[in-house]
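Listed below, chain by chain, are the residues.
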Amino acid sequence: MAPIYREVELTWAGETYRVTPTFRLIQQIEQKVSIAGISSRIAMGDPPLSLLAELVAMLLHHGGCRRVSAEDVYGSLMGDGVSGEEFATLVSNTISAFIPIPKEDAPRTADPL
């Protein structure tokens, strides 16, 4: 089956991590936070920072960054560790990870019958 989500890049502590959400990862995330709920609140201009921190930490961990926690991400978001532009990029990249690839753009693994 062709992947239905795009790879995204997230940067933490000067290193870039590549993550492509999988069904299993989405299940793990949604046991803790609602991706749709986070997206909705961001669209309303009310980003839930602690939930976003949890989501970002889980994505980073899935991408290979083992030394990050939700508390680390939250501290960076609330402190002076992230500029407004970096925050906007982080939010955009995080949420875009969960937007499915349109069928016409998805890579094909076999010819249709």
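Refer to the structure printed above.
About the thresholds
- Residues numbered from 1 in each chain as written.
- Predicted model: local features only at pLDDT ≥ 70, side-chain atom pairs only at ≥ 80, totals over all residues.
- Heavy atoms only, no water.
- Helix = DSSP H or I, 4+ residues; strand = E, 2+ residues; numbered from the N terminus.
- Buried < 20%, exposed > 50% of the residue type's maximum accessible area, 1.4 Å probe, protein only.
- Contact = heavy atoms within 4.5 Å.
- Areas by Shrake-Rupley, 256 points an atom, 1.4 Å probe, with all protein chains shown as cover.
- Arc of directions from axis to C-beta.
- Axes fitted to C-alpha atoms, helices over the stretch in contact; angles between N-to-C directions.
- Left-handed = near helix turned anticlockwise from the far one by under 90°.
- Nonpolar A, V, L, I, M, F, W, Y, C, P; charged D, E, K, R; others polar.
- Parallel < 35°, antiparallel > 145°, perpendicular 65-115°, else oblique.

1. Here we look at the overall build of the protein
Counting its secondary structure elements, the protein contains five helices and two strands. By residue count, 33% of the 113 residues in the protein fall in the buried class. Contacts spanning at least 24 positions in sequence make up 64% of the contacts within the protein whose residues lie at least 6 apart. Taken as a whole, the protein presents about 7200 Å² of accessible surface, with 52% of it coming from carbon and sulfur.

2. Remarks on helix α4 (residues 70-78)
An α-helical turn contains 3.6 residues, so a residue and the one three or four places further along point in the same direction. Those residues of α4 not exposed but buried are A70, V73, S76 and L77. The arc that holds every buried residue of α4, seen down its axis, measures 130°, which confines them to one face. Against the buried residues of α4 lie β1 (8-12), α3 (49-62) and α5 (84-96).

3. Some remarks on the packing of α3 against α5
Look at α3 against α5: their axes get within 11 Å of each other, and the N-to-C directions meet at 65°. In this structure, the crossing between α3 and α5 has a hand that is left-handed. Residues L49, L52, L55, V56 and L59 of α3 lie in contact with α5, whose contacting residues are F87, L90, V91, T94 and I95. Taken together, the residues that form the contact of α3 with α5 break down as nine nonpolar, one polar and no charged.

4. Thoughts on the packing of α3 against α4
Direction vectors running N to C along α3 and α4 enclose 125°, while the axes themselves pass 8 Å from each other. When the axes of α3 and α4 are compared, the pair comes out oblique. Here α3 and α4 pass one another in a crossing that is right-handed. Across from L49, S50, A53, E54, V56, A57 and L60 in α3, the residues of α4 making contact are A70, V73, Y74, L77 and M78.

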